[in-house]
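# Residue-level structural notes
Here's the letter readout for the chains.
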There are 2 protein chains.
Amino acid sequence: MIRTEALRVFVNVADCGNIRDAAERLFRTPSAISMTLKQLEEQLGARLFETDRKSTLTALGAEMHTIATELLRDHDRALDRIEAAATGRQGRLQLASVPSVAAELLPGLLADFLTERPGVTIELVDTDSSSVHALVAGGTVELGIAGPPDSGSGLTFTPLFRDPFRLVCRADHALADRTEPVTWDDLGGQRIISNEAASTIGAAEYRALVKSPALSARNVISLLALVRAGAGLTLLPRLATVSLGPDLRALPIADPTAQREVGVILRQSRTPTPVCGAFLDRIVRGTRDIR
Amino acid sequence: MIRTEALRVFVNVADCGNIRDAAERLFRTPSAISMTLKQLEEQLGARLFETDRKSTLTALGAEMHTIATELLRDHDRALDRIEAAATGRQGRLQLASVPSVAAELLPGLLADFLTERPGVTIELVDTDSSSVHALVAGGTVELGIAGPPDSGSGLTFTPLFRDPFRLVCRADHALADRTEPVTWDDLGGQRIISNEAASTIGAAEYRALVKSPALSARNVISLLALVRAGAGLTLLPRLATVSLGPDLRALPIADPTAQREVGVILRQSRTPTPVCGAFLDRIVRGTRDIR
DNA sequence: AGGTATACTTCAGGCAAACTGAAATTTAAT
DNA sequence: ATTAAATTTCAGTTTGCCTGAAGTATACCT
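Per an unreviewed UniProt entry, the recorded name for chain A is DNA-binding transcriptional regulator, LysR family, and the organism is Roseovarius azorensis. Taken from UniProt, the Sequence similarities (unreviewed entry) comment for chain A reads in full: "Belongs to the LysR transcriptional regulatory family."

Shown next, in the form of structure tokens:
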């Protein structure tokens, strides 16, 4: 069997015009090169060089040189692609995230990641937590960033950080200038606009506040528009409130259980691609301080 | 370094869906396959199969499978081309020959040769002996079939057979019905049309006959046309006379030195291509009986 | 032409890598 | 739970490449 490395030896000797220089290039001794060349010629049953001074190729040698050079080029290129795919230097990363993380955390992380890995392509979908779960479960997206999924969904959840809810109200609202954290009692009689993120709040007091089907919104933009319009108040994770306008306030809440958990969603028994794995490391490192 | 054979192992296992079958295909034991696979995953730093039952690939494994399959296809194809070139199964053979050999001997040999080696291309030039030498010396053609070249021309000559000259005359010529071989004396007073082949005849008597610049022709067709027209007689190698029409005769010549030597012309210190080498064998075998 | 330097090949020994067969472990199935 | 099958691990052997030294051929120089 003709070894690829024997062809590489041949091409190098042909290019150098002598064994000594080729040996140096290949970090071998001349004797090793000589033996490899001899073996190659035996396997082919024909000579590749005119004399044993390797300065001139036979006709077959010249033909071989063309074919082997091409072979090695393709070979090295393919091996590089494999290497790139395996180390995550190259590949496609499809991910879905809840909007707050997508807007506040991911941009910086993704920008750095792409700069380090020019061969990587990223596709980001931002949507609510349950859609993130669905996209990961369905394989549309490899990685999700959202709250914990239902058990038995075939998904794994790796917690990243916890994020306390805040009360969002207009700057001219009665509660806006409170210095103390807001209690559930403070919200008695207020109209609360429910939303998907806040629905994970387990506190019975909150449940009572949003029990009746008053008003709810799915999208953060419309949610805030409703608050701005004076339609009511809402609760949002802290991260979703960092870029509110001057006309709105985000007030801490006294109940420490009013928080959401954000983590990474993956499909069970699906080894992540190397790109995904690398980005995962990056996310964990990038959110360690928030935890 | 990732070996090509390791990739072949991987692709086979992926295709078979298990190690045992792949081991059988590759004439290895399952343990060898297992170790190669393990080593490959270590070199990549990532898993290629989801479980250690090799039935499902990871995302990286699937990507690798695509790349590696393509790599192996190209690799095997290139190696086959090399093999074909080295064994003369494929390639181009450019050869030049004197017309008599080209017309009488080569057609059969070439036809057989091409049937055995479908990948081979042949280009045949037929011209006079000295042009054959020039074409070989100039590299236009790799192999020549002709008389011996001048020494010092950088050509090698391998004798194939000797071919006695015959006297060509019209069927109604006075000499046409002779039963005895023709002597130089018989030709006294006859007009001899000289030609390149006959100019190698060394006999002083013949030299005397064609000394004065009477008539000469280069091409066999025109030479015979002249004889037919009654312009004179000529001497041609026996091989060139086997297909004369009924109106011409080819008479043996008494002088045993009136013969030409035909052989193979190659460039000195140029290793013949494998196709050429193979055809050379064929010529030698095909002309052994004539010698 | 002869001597010398250079280039290549050959040889023997060392060493690393790969393969085999047996035993252990893991996984799937009844 | 037990059994059967598949895979991995382990130890030992073999294979084959590489090195360094010695030998041979070639080219260059005087």
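Okay, back to it.
Scanning chain A from N- to C-terminus turns up ten helices and nine strands. Scaling as 2.2 N^0.38, a compact globule of 291 residues should have a C-alpha radius of gyration of about 19 Å, whereas chain A reaches 31 Å, well beyond that. Each principal axis of the C-alpha distribution contributes one length, and for chain A these read about 100 × 40 × 25 Å. A total of 291 residues make up chain A; the buried ones form 44% of that total. In chain A, the share of contacts with a sequence separation of at least 24, taken over all contacts with a separation of at least 6, comes to 70%. Summed over all atoms, the accessible surface of chain A reaches about 14400 Å², with 51% contributed by carbon and sulfur.

This part covers the UniProt feature "domain: HTH lysR-type" (unreviewed entry) in chain A. Those places that UniProt annotates as "domain: HTH lysR-type" (unreviewed entry) correspond, in this numbering, to residues 2–58 of chain A. In the segment residues 2–58 of chain A, helix accounts for 61% and strand for 0%; the C-alpha atoms at its two ends are 19 Å apart.

Turning our eyes to something else, we now look at the relation of the copies chain A and chain B. Mapping chain A onto chain B leaves a residual RMSD of 0.2 Å; the transformation is a rotation of 180 degrees accompanied by 0.0 Å of translation along its axis. Here the symmetry operator amounts to a two-fold rotation axis.

Around DNA strand D, the surrounding shell holds 21 residues, and the nearest of these are Thr29 and Ser31 of chain A together with Ile19, Ser34 and Lys54 of chain B. Among the atoms of DNA strand D close to the protein, meaning within 4 Å, 64% are from sugar or phosphate groups. One nitrogen or oxygen atom from the side chain of arginine 28 of chain A is found 3.4 Å from a phosphate oxygen belonging to DNA strand D. Residue isoleucine 19 of chain B places a main-chain N or O atom 3.2 Å away from a phosphate oxygen belonging to DNA strand D.

On to helix 9 (residues 220–228) of chain B. All names here are of chain B. Restricting attention to buried positions, one finds in helix 9 the residues Leu223, Leu224 and Val227. For helix 9, the buried positions fall inside an angular range of 90 degrees around the axis, keeping them on one side. Packing partners of the buried residues in helix 9 comprise strand 4 (155–170), strand 5 (192–194), strand 7 (233–237) and strand 8 (248–252). The N-terminus of helix 9 is capped by asparagine 219, whose side-chain oxygen sits 2.7 Å from the backbone nitrogen of isoleucine 221. Of the residues one or two after helix 9, glycine 230 is the one with positive phi, at around 80 degrees.

Moving on, we come to the packing of aromatic side chains. All names here are of chain A. The final tally for this structure, using the stated rule, is six aromatic pairs over all chains. Here phenylalanine 113 and phenylalanine 279 contribute two aromatic rings whose centre-to-centre distance is 5.1 Å and whose plane-to-plane angle is 70 degrees, an arrangement assigned as edge-to-face. With a gap of 166 residues between them, phenylalanine 113 in helix 6 (residues 106–116) and phenylalanine 279 in helix 10 (residues 274–287) connect regions that are remote in the sequence. Here phenylalanine 113 matches phenylalanine 279 in class, with each residue buried.

A few words now on the protein's contact with DNA strand C. Close contacts around DNA strand C come from 21 residues, with Arg20, Ser31, Ser34 and Lys54 of chain A together with Thr29 of chain B the closest. Expressed as a percentage, the sugar and phosphate content of the atoms of DNA strand C within 4 Å of the protein is 69%. Within the side chain of arginine 20 of chain A, one N or O atom sits 2.9 Å away from a phosphate oxygen of DNA strand C. In the environment of DNA strand C, a sugar or linking oxygen lies 3.1 Å from a nitrogen or oxygen atom belonging to the backbone of aspartate 52 of chain A. Top element by residues in the surface near DNA strand C is helix 3 (residues 30–44) of chain B. It accounts for five residues. Classifying every residue of the surface near DNA strand C gives five nonpolar, seven polar and nine charged.

So, about the pattern of salt bridges. Taken as a whole and judged by the stated rule, the model has 32 salt bridges over all chains. For the salt bridge of glutamate 70 of chain A with arginine 81 of chain B, the shortest nitrogen-to-oxygen distance reads 3.6 Å. One end of the pair, glutamate 70 of chain A, is in helix 4 (residues 59–87); the other, arginine 81 of chain B, is in helix 4 (residues 59–87), on a second chain. On the accessibility criterion, glutamate 70 of chain A (34% relative accessible area) is partly exposed. With its nearest N and O atoms 2.7 Å apart, the salt bridge here joins arginine 228 of chain B to aspartate 247 of chain B. With arginine 228 of chain B in helix 9 and aspartate 247 of chain B in the loop between strand 7 and strand 8, this pair connects stretches of sequence that are 19 residues apart. By relative accessible area, aspartate 247 of chain B is classed as partly exposed at 32%. Each of Glu5, Arg8 and Asp76 of chain A takes part in one network of salt bridges that share partners.

About the criteria used
- Residues numbered from 1 in each chain as written.
- Chains lettered and ligands numbered in written order.
- Predicted model: local features only at pLDDT ≥ 70, side-chain atom pairs only at ≥ 80, totals over all residues.
- Heavy atoms only, no water.
- UniProt positions renumbered as here; feature names shortened; annotations may be inferred.
- Helix = DSSP H or I, 4+ residues; strand = E, 2+ residues; numbered from the N terminus.
- Rg over C-alpha atoms; globule rule 2.2 N^0.38 Å.
- Buried < 20%, exposed > 50% of the residue type's maximum accessible area, 1.4 Å probe, protein only.
- Contact = heavy atoms within 4.5 Å.
- Areas by Shrake-Rupley, 256 points an atom, 1.4 Å probe, with all protein chains shown as cover.
- Least-squares fit on C-alpha atoms with pLDDT ≥ 70 in both.
- Near = heavy atom within 4 Å.
- Polar contact = N/O pair within 3.5 Å; in protein donor to acceptor, adjacent residues only side chain to side chain.
- Arc of directions from axis to C-beta.
- Phe/Tyr/Trp six-rings, centres within 6.5 Å; stacked < 30°, edge-to-face > 60°.
- Nonpolar A, V, L, I, M, F, W, Y, C, P; charged D, E, K, R; others polar.
- Salt bridge = Lys/Arg side-chain N within 4 Å of Asp/Glu carboxyl O.

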